Amino acid sequence: MPQRVPFTKRTISAFIFLGIIWGTFPLVIHCAIRFICGRDSPALIFVFRTPGAVVLYVGSFVFLSLGSTNNRELLLNNFKIARNYWMFAVMGLIQLALPYILFTYGLKVLSLTTGGVFITSVPLFSIVLERLPFVQSTYMYSISKCKLAAVLSIALAGITMVSAVGMNLAQDCGSYCDQREEKPEEDTSPEVALRNSNFRNLQTNLPRTVQRSCTPFSVMELTGSLLALIAGSISWSISSIFWHSNRGNIHSVSGGIGSNIFGGMFGLALFFVIHHGDCKINWNWSDPKSIFYCILFLVVMSDWPISFVSDFIRREIGAVVVNQALCLVPLIALSEDWLFVRRPEAVNALPYTSIIMEIIGVVFVVSAVAISTTVETSYFLNVRQIEDSMTSSYLEQLRSNSGKSDPFPPLVEISDH
């Protein structure tokens, strides 16, 4: 069992920073949808952030290689093993491309708070999936079935409450109606006015949703968005289980480069499949500065800082604390939702019961995840995280640690979630 050490100023700062990165993910997606290409293509938004993430990882690769011969040999050897490329491809698909695209699709309609709740729920999905009979899990949980059922029931109640409020906001055309297609300005020229006068009676008989500049989302859109968030969380959970079952001595920097390259290729392929080769996207070039800052935001808040910060926390305090940072995600997403996204008129129109239900739902989910991430196993700590990168085994480091000094800097460690 790893030795637990007290929090320090550095570890507290890293813990909060990790929670902020994860919690800001829904806001990053919201900005990308609004400023880049609207609601046209979630896959394209993922493709945009991939080159920048690869550049950051390559820069780290060069920095570590120049600093130590051991680092250079380890990093280069990760790319000489054919099996690792298979791992890069699988993780690039189920840990990067699919979750990112699914969450982007879901957050086109639902609120940031709803997205934050589903991100926090990833460890709970992992616990459920690993208990399936056909899954070869590496965990031996000491949690009782009654306690597990209670935790999952609390989490389900919280997810239901938050999702209901998020769907109610979208259906009532609240703070997210600016993402809908706006009604074009009316042409007042004499020719157009004469032509329109012949169809005045027809226009007055059209459904109200056609005449409104902002219409509520349909039931199909609401249901599809909710299912996309659920599928994204499950994809992250599957990637965690897959990595535990096939973990190897892959450095986080090598894994980040490989998985992001393959993930970008999958994202580009999904873009062409979804649009059937049609690249006509409604680009928002009216504000190029906002587009630039939005893409920069996507790159900086990617998996690159998550990989380094989580490795640092794991080494200084323990692996469980990394997952406990997930408890900050819905709180941060809720705050950013109310501060930056929701319109005042939508807030005023929202019943107090809905506000209270949303807050209670967030508390329920946070409580359930906090309980699940502190459960110890009979072999090693129950580790759950949704890092957007691949890291090698923390347990393997503990086994092989025979008093030798760690050749890596504090933020770069051979560790596994």
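Note that the structure is a prediction, hence the values are computed from the model and not measured.

Draft legend 1. Focus on the overall build of the chain. Within the chain, the regular secondary structure consists of 19 helices and zero strands. Buried positions account for 52% of the 417 residues belonging to the chain. Of the roughly 19,500 Å² of accessible surface on the chain, 65% is carried by carbon and sulfur atoms.

Draft legend 2. Helix H4 (residues 82-107), seen in detail. The terminal C-alpha atoms of H4 lie 37 Å apart, and with 26 residues this matches the ideal 38 Å at 1.5 Å per residue to within 8%. Remark: the principal bend of H4, roughly 35°, maps to Gly 92.

Draft legend 3. Structural view of the side chain of Ser 310. Note on placement: Ser 310 falls in helix H14 (residues 303-316). Among the polar contacts made by the side chain of Ser 310, one reaches the main-chain carbonyl oxygen of Ser 307 at a distance of 3.1 Å.

Draft legend 4. Region of interest: the packing of helix H2 (residues 42-67) against H14. In contact at an axis separation of 9 Å, H2 and H14 are set at 40° when each is read in the N-to-C sense. Judged by the angle between their axes, H2 and H14 are oblique. Every residue of H14 that contacts H2 at Arg 49, Ala 53, Leu 56, Tyr 57 and Ser 60 is listed here: Asp 303, Trp 304, Ser 307 and Phe 308. Class assignment for the residues of the contact of H2 with H14 results in five nonpolar, two polar and two charged.

Draft legend 5. Molecular detail of the pattern of salt bridges. Counted according to the given criterion, the structure contains four salt bridges. Across the salt bridge formed by Asp 311 and Arg 314, the nearest N and O atoms sit 2.5 Å from each other. One end of the pair is Asp 311 and the other is Arg 314, both in helix H14 and three residues apart, which spans about a single turn. Overall, Asp 311 belongs to the buried group, its relative accessible area being 0%. Given the relative accessible area of 0%, Arg 314 is considered buried. Between Asp 337 and Arg 342 there is a salt bridge, with the nearest N and O atoms lying 3.1 Å from each other. Accessibility classification places Asp 337 together with Arg 342 in one group, the buried group. What emerges from the salt-bridge pattern is a single network uniting Asp 337, Arg 342 and Glu 358.

Draft legend 6. Just the environment of Leu 296, in detail. Its location among the elements puts Leu 296 in helix H13 (residues 288-300). Overall, the relative accessible area of 42% leaves Leu 296 in the partly exposed class.

Draft legend 7. Quick look at the packing of aromatic side chains. By the definition in use, this model includes twelve aromatic pairs. Measuring from centroid to centroid gives 6.1 Å for Phe 25 and Phe 103, while their planes differ by 70°, and the two rings are edge-to-face. Taken together, the positions of Phe 25 in helix H1 (residues 9-35) and Phe 103 in helix H4 put the pair 78 residues apart, joining distant regions of the chain. For Phe 25, a relative accessible area of 10% puts it in the buried group. Each ring, one from Phe 79 and one from Phe 88, has its centre 5.9 Å from the other, and the planes form 55°; the classification is tilted. Phe 79 gets classed as partly exposed once you look at its relative accessible area, which sits at 24%.

Draft legend 8. Broad picture of the packing of helix H5 (residues 112-120) against helix H16 (residues 329-341). Where H5 meets H16, the closest approach of the two axes is 8 Å, and the angle between their N-to-C directions is 170°. Between H5 and H16, the angle is such that the two are roughly antiparallel. Taken together, the residues of H16 that come into contact with H5 (itself represented by Leu 112, Thr 113, Gly 116, Val 117, Ile 119 and Thr 120) are Val 329, Pro 330, Ala 333, Leu 334, Glu 336, Asp 337 and Val 341. Looking at the contact of H5 with H16, its residues break down into eight nonpolar, three polar and two charged.

Draft legend 9. Representation of the environment of Asp 311 in the model. Along the primary structure Asp 311 and Ser 252 are separated by 59 residues, whereas in three dimensions their C-alpha atoms are 8.9 Å apart. A distance of 2.5 Å separates the side chain of Asp 311 from the side chain of Arg 314, its partner in a polar contact.

Here is what the cut-offs are and how they apply
Residues numbered from 1 in each chain as written. Predicted model: local features only at pLDDT ≥ 70, side-chain atom pairs only at ≥ 80, totals over all residues. Heavy atoms only, no water. Helix = DSSP H or I, 4+ residues; strand = E, 2+ residues; numbered from the N terminus. Buried < 20%, exposed > 50% of the residue type's maximum accessible area, 1.4 Å probe, protein only. Areas by Shrake-Rupley, 256 points an atom, 1.4 Å probe, with all protein chains shown as cover. Expected span 1.5 Å × (residues − 1). Bend = angle between axes of the 7 residues up to and from the residue. Polar contact = N/O pair within 3.5 Å; in protein donor to acceptor, adjacent residues only side chain to side chain. Axes fitted to C-alpha atoms, helices over the stretch in contact; angles between N-to-C directions. Parallel < 35°, antiparallel > 145°, perpendicular 65-115°, else oblique. Contact = heavy atoms within 4.5 Å. Nonpolar A, V, L, I, M, F, W, Y, C, P; charged D, E, K, R; others polar. Salt bridge = Lys/Arg side-chain N within 4 Å of Asp/Glu carboxyl O. Phe/Tyr/Trp six-rings, centres within 6.5 Å; stacked < 30°, edge-to-face > 60°.

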